[in-house]
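# Understanding the architecture of this molecule
What follows is each chain in one-letter form.
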Amino acid sequence: MARKARPYIFLGQTTSMCESCLRLVPAKIVEQNGAVWYQKRCTEHGVQKTLVSSEAVYWKRCRDFLKPGDLPLQFQTRIDKGCPYDCGLCPDHEQHSCLALIEINETCNLTCPTCFAGSSPALPGQLPLATVECMLDTLVASEGEPDLLQISGGEPTLHPDLFAIIAAAKRHNVRHVMLNTNGIRIAAEPDFAARLAECAPRFEVYLQFDALSRAALQTIRGADLRRTHAMALANLEKVGLSTTLVATVRKGVNDGEIGDVLRHAAQWRCVRGVNFQPVQDTGRNEGFEPERNRIVLSEIRRAILDQWGVFDDEDMIPLPCNPEAISIGYGLRDGTAIRPVTHLFPREMLVREAPNSITFERHPEMRARLIELLSLSCAGPRSAGVLHEILCCLPLVELPAELGYDKVFRVTVVSFLDRFNFCLAGVKRSCIHFVVPDGRIIPFDTYNLLHRQNSGRAGSAG
């Protein structure tokens, strides 16, 4: 009798999570029909098969982009129970905080059906300014000069000490500060937008912008925010405040609008790019059906290429600090037109396939600048300066006379782990972290999955 081949290619093994009981379980990583899956086995709930990438070729390419992690200056916890229960950051974590978040309140002026923080008007909690100052001290002790901080919530524009918090972040030498907001107050109060603009430079708005259609916004946000988005962008445009749009993506809801969102973003001079996030199944996620609504990074990346028609396959590449979780592409603005440039970056400078190549030896500084650019922490005017240095070194690249931040257009896809795609290696490489009131710094993924209710968060602070 002839031996039978398995119906898949075994790519490796990881520790994942049972989708029913959330226990850590072993998982095979397998390639089948051009996609990558986790095949998990829970002693109580049996075998579960979960899609982690729709494109095996891209998933394998991510491994080529791995680089050594950067250690924080100080860890906040010790190794005791093991990952992911010792967050954090514990000495077993592999990456510093490229991007840190501080949630300054729980209250919100929306009750979004999709909200990993579970915020609503019914939650009055907000952090005192003194507590936020202590959290900033924690971040500085860990990072020295923090690269990028997002002030979040809840809806942070409702906090009475918002501007004092922004000023405190700047006093703590945070290189670039973002304000995460649904835009309602910016839309309703032009003077508020003008006051935010006074916080520049080293400051921008991170504006929730999931879709252009009423139906998608109702499903994800529980409200038709089209007029709010238009008025907020008009007020931000008027005051010239740099803005990044952020879209949470649900399959079958707004994944068909990815190209439209990018085209719309390009029409606004104040918009510096768009970040797309596959919905993370944590917090409040009403109406979510995994088989129908779950979407993975590679599917969003493919939609950017196919629906927008501006970036090609070489223009959306893995981010070296956490390549399986983040894809990034850069373009240059010419009015409302976007010219892709990521494909111009020398591949041999980015991937580990050629660690001893002549290019490395002759141009180590250029490689360092490329790695710096391809990091979430490279934001604001800093990204424009680094991009200009790189492009000046490349042949046949026509640059604008002045390459400021207003000429940069960055597209990212940032995927977070949940009960479906949880991977212990991915947790250890996480570079997006919450700073919490009890003095810990916790990866985004495990905070929302395991630690959110036990962190001394805003609801217990007043």
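Residues numbered from 1 in each chain as written. Predicted model: local features only at pLDDT ≥ 70, side-chain atom pairs only at ≥ 80, totals over all residues. Heavy atoms only, no water.

## Comments concerning the overall build of the protein chain
A tally of regular secondary structure across the protein chain gives 15 helices and 18 strands. Its C-alpha radius of gyration of 21 Å places the protein chain within 12% of the 23 Å reference for a compact globule of 462 residues. Once the C-alpha set of the protein chain is aligned to its principal axes, its extents read approximately 80 × 55 × 45 Å. Sorting the 462 residues of the protein chain into buried and exposed places 60% on the buried side. Accessible surface for the protein chain amounts to roughly 18800 Å². Of this, 50% is attributable to carbon and sulfur atoms. In the protein chain, 51 side chains carry a positive charge and 53 a negative one; their mean positions are 4 Å apart. (Helix = DSSP H or I, 4+ residues; strand = E, 2+ residues; numbered from the N terminus. Rg over C-alpha atoms; globule rule 2.2 N^0.38 Å. Buried < 20%, exposed > 50% of the residue type's maximum accessible area, 1.4 Å probe, protein only. Areas by Shrake-Rupley, 256 points an atom, 1.4 Å probe, with all protein chains shown as cover. Lys, Arg positive; Asp, Glu negative; His and termini not counted. Charge placed at Lys NZ, Arg CZ, Asp CG, Glu CD.)

## Here's the deal with the nonpolar core
In this structure, Leu-196, Phe-276 and Ile-304 are the most contacted members of the largest nonpolar core, which totals 65 residues. Setting aside residues up to four positions removed in sequence, Ile-304 forms contacts with Ile-258, Leu-262, Phe-276, Gly-309, Met-316, Val-411 and Val-413. Formed by 41 residues, the second largest nonpolar core is a distinct cluster that contains Leu-148, Leu-373, Leu-403 and Phe-444. (Core = buried A, V, L, I, M, F, W, Y, C linked by side-chain atoms within 4.5 Å. Contact = heavy atoms within 4.5 Å.)

## Some points on the sheet that holds strand β4 (residues 46-53)
Whenever strands of a sheet pair, they do so through backbone hydrogen bonds, lying parallel or antiparallel. Spatial strand order, β1-β2-β3-β4: four strands in an open sheet with antiparallel pairing. At either end of the open sheet lies a strand with only one pairing partner, and these are β1 (9-17) and β4. Taking each pair of neighbouring strands and ignoring which way they run, the sheet shows an average axis angle of 30 degrees. (Pairing = 2+ DSSP bridges. Axes fitted to C-alpha atoms, helices over the stretch in contact; angles between N-to-C directions.)

## Observations concerning the pairing of strand β5 (residues 99-103)
Where burial is concerned, most of β5 is hidden: five out of the five residues are buried. The two faces of β5 match: Leu-99, Leu-101 and Glu-103 on one face and Ala-100 and Ile-102 on the other face are all buried. Bridging between β5 and strand β7 (residues 148-152) involves four bridges; their strand directions are parallel. What sits directly across from Ala-100, in β7, is Leu-149.

## As for the pattern of salt bridges
By the definition in use, this model includes 26 salt bridges. Residue Glu-299 pairs with Lys-251 through a salt bridge whose shortest N-O separation is 2.6 Å. In this pair, Glu-299 sits in helix α10 (residues 297-308) while Lys-251 sits in the loop between β10 (243-249) and α8 (258-266), placing the two residues 48 residues apart along the sequence. For Lys-251, a relative accessible area of 24% gives the class partly exposed. Residues participating in the shared-partner salt-bridge network are Glu-55, Arg-301, Arg-302 and Asp-313. (Salt bridge = Lys/Arg side-chain N within 4 Å of Asp/Glu carboxyl O.)

## Comments concerning the pairing of strand β9 (residues 203-208)
Among the six residues in β9, six count as buried, and that is most of the element. Neither face of β9 is open: one carries Phe-203, Val-205 and Leu-207, the other Glu-204, Tyr-206 and Gln-208, and all of them are buried. Judged from the four bridges that link them, β9 and β10 form a sheet pairing that is parallel. Looking at β10, one finds that Tyr-206 is bridged to Thr-244.

## Section: the environment of Thr-336
As for its position among the elements, Thr-336 is in the loop between β14 (326-334) and β15 (337-340). Residue class for Thr-336 comes out partly exposed when judged on its relative accessible area of 44%.

## Some details on the packing of aromatic side chains
In total, this model carries eight aromatic pairs according to the counting rule given. Seen in terms of ring centroids, Phe-163 and Phe-192 are 5.7 Å apart; in terms of plane orientation they differ by 70 degrees. Their pairing is edge-to-face. Separated by 29 residues along the polypeptide, Phe-163 in helix α3 (residues 162-171) and Phe-192 in helix α5 (residues 190-197) bring together distant segments of the chain. Of the two residues, Phe-163 and Phe-192, both sit in the buried class. Clustering of aromatic rings is evident, with ring pairs tying together Phe-116, Phe-416, Phe-434, Phe-444 and Tyr-447. It is Arg-185 that lies over the ring of Phe-192; its NZ or CZ is 4.0 Å from the centre. Geometry around Phe-434 places Arg-452 over its ring, the cationic atom sitting 5.5 Å from the centre. (Phe/Tyr/Trp six-rings, centres within 6.5 Å; stacked < 30°, edge-to-face > 60°. Lys NZ or Arg CZ within 6 Å of the ring centre and 35° of its normal.)

## Some thoughts on unusual backbone geometry
The omega angle of the peptide bond from Cys-87 to Gly-88 is -20 degrees, so this bond is cis rather than trans. Structurally, Gly-88 can be placed in the loop between α1 (56-64) and β5. Residue Pro-201 follows Ala-200 across a cis peptide bond; omega there is 0 degrees. With respect to the helices and strands, Pro-201 occurs in the loop between α5 and β9. Although it is not a glycine, Asn-33 adopts a positive phi angle of roughly 55 degrees. By the secondary structure assignment, Asn-33 is in the loop between β2 (24-32) and β3 (35-42). On the basis of relative accessible area, Asn-33 is assigned to the exposed category, the value being 78%. The backbone of Arg-202 sits at a positive phi, close to 65 degrees, despite the residue not being glycine. As for its placement among the helices and strands, Arg-202 is situated in the loop between α5 and β9.

## A short note on the environment of Glu-19
Inspection of the secondary structure assignment puts Glu-19 in the loop between β1 and β2. For Glu-19, a relative accessible area of 16% corresponds to the buried category. Separated by 63 residues in the primary sequence, Glu-19 and Gly-82 place their C-alpha atoms 20 Å from one another.

## Focus: the state of the cysteines
Applying the stated criterion to the full structure yields zero disulfides. Take Cys-423: it sits in no disulfide, and the sulfur closest to it among the cysteines is that of Cys-83, at 9.8 Å. For Cys-423, a relative accessible area of 8% corresponds to the buried category. Cysteine Cys-431 is unpaired, with the sulfur of Cys-321 as its nearest cysteine sulfur at 3.6 Å. Overall, the relative accessible area of 1% leaves Cys-431 in the buried class. (Disulfide = S-S within 2.5 Å.)

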